[in-house]
Amino acid sequence: MPNTRLLVLFGSQTGTAQDVSERLSREAWRRELGCRVQALDSYPVVNLINEPLVIFVCATTGQGEPPDNMKNFWRFIFRRNLPSTSLCQMDFAVLGLGDSSYAKFNFVAKKLHRRLLQLGGSALLPVCLGDDQHELGPDATIDPWLHDLWEKVLGPHPLPLDLSLTPPGVPWPSKFTLKFLQEVPSTCSEELCVTGTDPQGPPSELQPFLAPMVTNQRVTGPSHFQDVRLIEFDITGSGVSFVAGDVVLIQPENTASHVQQFCQALGLDAAQHFTLQPREPGVPCPARLPQPCSIQRLVSQYLDIASVPRRSFFELLACLSCHELEREKLLELSSAQGQEDLCEYCTRPRRTVLEVLCDFPHTAGAIPPDYLLDLIPLIRPRAFSIASSLLAHPSRLQILVAVVQYQTRLKEPRRGLCSNWLASLDPGQGPVRVPLWVRSGGLTFPKTPDTPVIMVGPGTGVAPFRAAIQERVAQGETGNVLFFGCRQRDQDFYWEAEWTELQTRGCLTLVTAFSREQEQKVYVQHRLRELGPLVWGLLDLRGAHFYLAGRRAGSPAPPRPPTSPGSSGPCVSRLRRGPEEPSRRWLQPL
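An account of the accompanying structure is given in this report. Not measured: the values here are computed from a predicted model. Here the residue numbering is sequential within each chain, running from 1 through the sequence in written order. Residue-level local features of this predicted model are given only where pLDDT is at least 70; pairs of side-chain atoms are given and counted only at 80 or more, and the full residue set underlies all totals for whole chains, interfaces and linings. Excluded from the side-chain calculations are hydrogens and water; all other atoms, namely the structure's heavy atoms, are used.

**Quick look at the pattern of salt bridges**
Between Lys or Arg on one side and Asp or Glu on the other, a salt bridge is scored when a side-chain nitrogen of the former is within 4 Å of a carboxyl oxygen of the latter. Overall, the coordinates contain 28 salt bridges when judged by the stated rule. The shortest N-O distance in the salt bridge between Arg396 and Asp234 comes to 3.2 Å. With Arg396 in strand β14 (residues 396-402) and Asp234 in strand β9 (residues 228-234), the pair connects residues that are 162 residues apart, well separated along the chain. When its relative accessible area of 24% is taken as the criterion, Arg396 is described as partly exposed. Here the salt bridges do not stand alone but share partners, grouping Arg23, Glu27, Arg31, Asp139, Asp143 and Arg311 into one network. Put simply, DSSP marks the helices as runs of H or I at least four residues long and the strands as runs of E at least two long, and each gets a number from the N terminus on. The buried label goes to any residue with under 20% of its type's maximum accessible area, the exposed label to any with over 50%, and the partly exposed label to all in between, with areas taken from a 1.4 Å probe on protein chains only.

Spelled out as structure tokens, the structure:
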């Protein structure tokens, strides 16, 4: 068989695109094809002109944005000076992952497909548009697309007679081997790896800052249905800097009880140390994982045992199972025909990796440690809008965290890993340090003086606007209009005293909507409509900037007022109509 070289490049924000790329690699292995898998930004893009066959797997984030780990590639591939014959020797296919509830559904995949054609590439297939909104998830589209892909790839070069597809139940080689140490290492390499006593540059994912937690305060009333926390960190000497609109990323941990339960299910000794070694040359070890490392550290800080497992998890688990009945069920759940059953068993009730392993105890107890990093994804950092300004709170960073907890048909409530971990930390009981770093966010506020800003922030969506208001007030800007909505004034009116004080000083115009304090529910969009003429006047005549953040579950999507005089539509006419005198009184400070 010809030595077909297949390259899979992915851009992934939450891990789904990476998971699909690993699936492509496994299916290539079953067909005796050589395959490399890399994140787009870790691949030297100048080498693309030498690649004969490339599969691009890319997600679309936000409002049509590429994932973080393909942004450098994105800028390069759209350079105007690239010749139209740059990729004339390359066959390619693009697999997109998106959500059809967004206006720019799979925008990145569609745009990349067009650009590769412009640069002379030959498309093997039309672009695949995986959709999270489909009842069976993206696989409903991916499965038939992959079937066609392999026919295209192998069509001119079918498998020789002496070769056949490796059966689905045969495990593929693990990426790494775990070499257990007979003695506990004398040096504390784990601690050195994380704290980075001599950091080079600002904190990052590879070297986060261990920020002391100063306060962890519940800011919703005791009878309110949701626990929301205002958490403050001390960032003195960290090198962390930020402006309004930036986000902080926090690396959470699994609970001690879950770690213990996992180790018991797999028969692992939490105190045992190991070193990690790649099976294939050129495969890097996880960058954040210390060498050597303990099983305790691996499970508590790296393996996402609280995540909802993907189809690939069941596929590998079936390959590793020695128990006939459990193996049969796992093969069924990982098959194309079993996706409805998998959705019913796992996806809909949000069953976790740990819970699945406990449901298949014979299989869990036989998992070779070498496969842990193939089987279970790494814990990803969580992003939070920064809710404070360094101009108002020097050397401090504050976030507003809604503690995620909800019920499905399973007995145990579902709990968000990061929010519940943060809520459990109590700096009053002793020093608490949280690994974090900062990156620029999607909100940028006007630099020109005297430009009004209209902000609509229902619920915890108000967090980035608090940072913006603090920053603008410190700079002498008084044209700040905030539409804030919550359920009840005495339960979830965040920063009420602060807003009132700023109003008194003439630095803020606050418009509130308390949805549960009257028979007829009132949301921020109703207040926008009531004050429509003046809101539109600020946009049209004074060049105000309009921002919207957050959306409360169960409330209608707020209208989007146009932000330029040339915009048109029913929203404009609604803003232009209405009683003007009440509007003028509300916005008197402007």
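**Concerning the nonpolar core**
Core analysis: the largest hydrophobic core is formed by 43 residues, its most contacted members being Phe262, Leu266, Leu298, Leu303, Phe313, Phe314 and Leu357. Examining the composition of this core, we find that seven residues originate from one element, helix α8 (residues 311-320), more than from any other. Throughout, a contact is declared for two residues whenever any of their heavy atoms are within 4.5 Å. Look past the residues within four positions of Leu357 in its chain and what remains in contact with it is Phe262, Leu266, Phe313, Leu317, Ala364 and Ile367. Counting residues in each nonpolar core, the second largest holds 29 residues, with Leu230, Val453, Val473 and Cys486 among its members. Nonpolar cores are built from buried Ala, Val, Leu, Ile, Met, Phe, Trp, Tyr and Cys residues. Side-chain atoms within 4.5 Å join them into one set.

**Some details on the side chain of Arg26**
In this fold, Arg26 is placed in helix α1 (residues 16-30). Residue Arg26 is classed as buried on the basis of its relative accessible area of 10%. Not counting residues within four places of it along the chain, the set of residues in contact with Arg26 comprises Trp172, Ser312 and Glu315.

**Considering the sheet that holds strand β19 (residues 480-486)**
Pairing in this open sheet of four strands is parallel, and the strands run β20-β19-β18-β21 from one edge to the other. Each having just a single partner strand, β20 (509-514) and β21 (545-548) make up the two edges of the open sheet. Across the sheet, the axes of successive neighbouring strands diverge by a mean angle of 10°, strand direction being ignored. Here an axis means a line fitted to C-alpha atoms, over the contact stretch when the element is a helix, while the angle between two N-to-C directions is reported on a 0 to 180 degree scale. Against the sheet, helix α15 (residues 463-474) touches β18 (453-456), β19 and β21, its axis set at about 155° to β18. Strand pairing is assigned whenever DSSP identifies at least 2 bridges connecting the two strands.

**Points about the sheet that holds strand β17 (residues 433-439)**
The strand order across the open sheet built from six strands is β13-β10-β17-β8-β9-β14, with neighbouring strands paired in antiparallel fashion. Where the open sheet ends on each side, the last strands, each with one partner, are β13 (382-385) and β14. For this sheet, the mean inter-axis angle between neighbouring strands, taken without regard to orientation, is 40°. As paired strands, β9 and β14 are joined by seven bridges and run antiparallel to one another. If you follow Asp234 over to β14, its bridge partner there is Arg396.

**As for the side chain of Ser307**
As for its placement among the helices and strands, Ser307 is situated in the loop between α7 (295-301) and α8. From its side chain, Ser307 meets the backbone oxygen of Asp304 in a polar contact 2.7 Å long. Apart from residues no more than four positions distant in its own chain, Ser307 is found in contact with Arg351, Thr352, Val353 and Pro377. Here a polar contact means two N or O atoms within 3.5 Å. Within protein one must be a hydrogen donor candidate and the other an acceptor candidate, and residues neighboring in sequence count only if both atoms are side-chain atoms.

**What to know about the environment of Val308**
Looking at the secondary structure, you find Val308 in the loop between α7 and α8. According to the relative accessible area criterion, Val308 is partly exposed, its value standing at 25%. Remark: the alpha-carbon pair of Val308 and Glu355, spanning 47 residues in sequence, is separated by 9.4 Å. Not counting residues within four places of it along the chain, the set of residues in contact with Val308 comprises Cys346, Thr347, Arg350, Arg351 and Thr352.

**Description of the packing of α1 against helix α4 (residues 139-154)**
Viewed as axis vectors pointing N to C, α1 and α4 meet at an angle of 35°, and their least axial separation amounts to 12 Å. Relative to α4, the crossing made by α1 is right-handed. Across the interface between the two elements, Val20, Arg23, Leu24, Glu27 and Ala28 from α1 touch Asp139, Ile142, Asp143, Leu146, Leu149 and Trp150 from α4. Left-handed describes a crossing in which the near helix is turned anticlockwise from the far one by less than a right angle; the clockwise case is right-handed.

**Quick look at helix α3 (residues 107-118)**
In a helix, the anticipated span is given by 1.5 Å times the number of residues less one. Between its first and last C-alpha, α3 extends 17 Å over twelve residues, near the 16 Å set by a 1.5 Å rise per residue. Among all positions of α3, only Val108, Ala109, Leu112, His113, Arg115 and Leu116 are buried. Immediately downstream of α3, the backbone of Gly120 shows phi near 95°, a positive value.

**Here's the deal with the environment of Ala366**
You can see Ala366 is positioned in the loop between α12 (361-364) and α13 (372-375). It is 7.5 Å that separates the C-alpha atoms of Ala366 and Leu320, two residues lying 46 residues apart in sequence.

**Overview of the pairing of β19**
Burial within β19 is extensive, with seven of its seven residues counted as buried. In β19, alternate side chains face the same way, and those of Asn480, Leu482, Phe484 and Cys486 on one face and Val481, Phe483 and Gly485 on the other are all buried. Two strands pair when backbone bridges link them, and β18 and β19 are joined in this way by four bridges, in the parallel orientation. Each residue of the ladder has a partner; that of Val453, found in β19, is Asn480. The handedness of the β18 to β19 crossover, carried by α15, is right-handed. With its strands directed away from the observer, a crossover is right-handed exactly when the path from the first strand over the helix to the second travels clockwise.

**Focus: the packing of aromatic side chains**
Between 30 and 60 degrees the pair is tilted, below 30 it is stacked and above 60 it is edge-to-face, where a pair is any two Phe, Tyr or Trp rings, Trp via its six-membered ring, whose centres lie within 6.5 Å. Across all of its chains, the model carries ten aromatic pairs by this definition. On the basis of an interplanar angle of 70° and a centroid distance of 6.4 Å, the ring pair of Phe180 and Phe274 is categorised as edge-to-face. Of the two residues, Phe180 is situated in strand β7 (residues 176-180) and Phe274 in strand β11 (residues 273-278); the sequence distance between them amounts to 94 residues. What makes Phe180 partly exposed here is its relative accessible area of 28%. Both rings, one in Trp495 and one in Trp499, keep their centres 6.2 Å apart while their planes meet at 80°; by these two values the pair is edge-to-face. Counting every residue linked through ring pairs, the aromatic cluster contains Phe484, Phe493, Tyr494 and Phe514. Our definition puts a charge over a ring when NZ of Lys or CZ of Arg is within 6 Å of the ring centre and also within 35 degrees of the ring normal. Between the NZ or CZ atom of Lys104 and the centre of the ring of Phe107, over which it lies, the distance is 5.0 Å. Between Lys111 and the ring centre of Phe78, over which it is positioned, the NZ or CZ distance is 4.9 Å.

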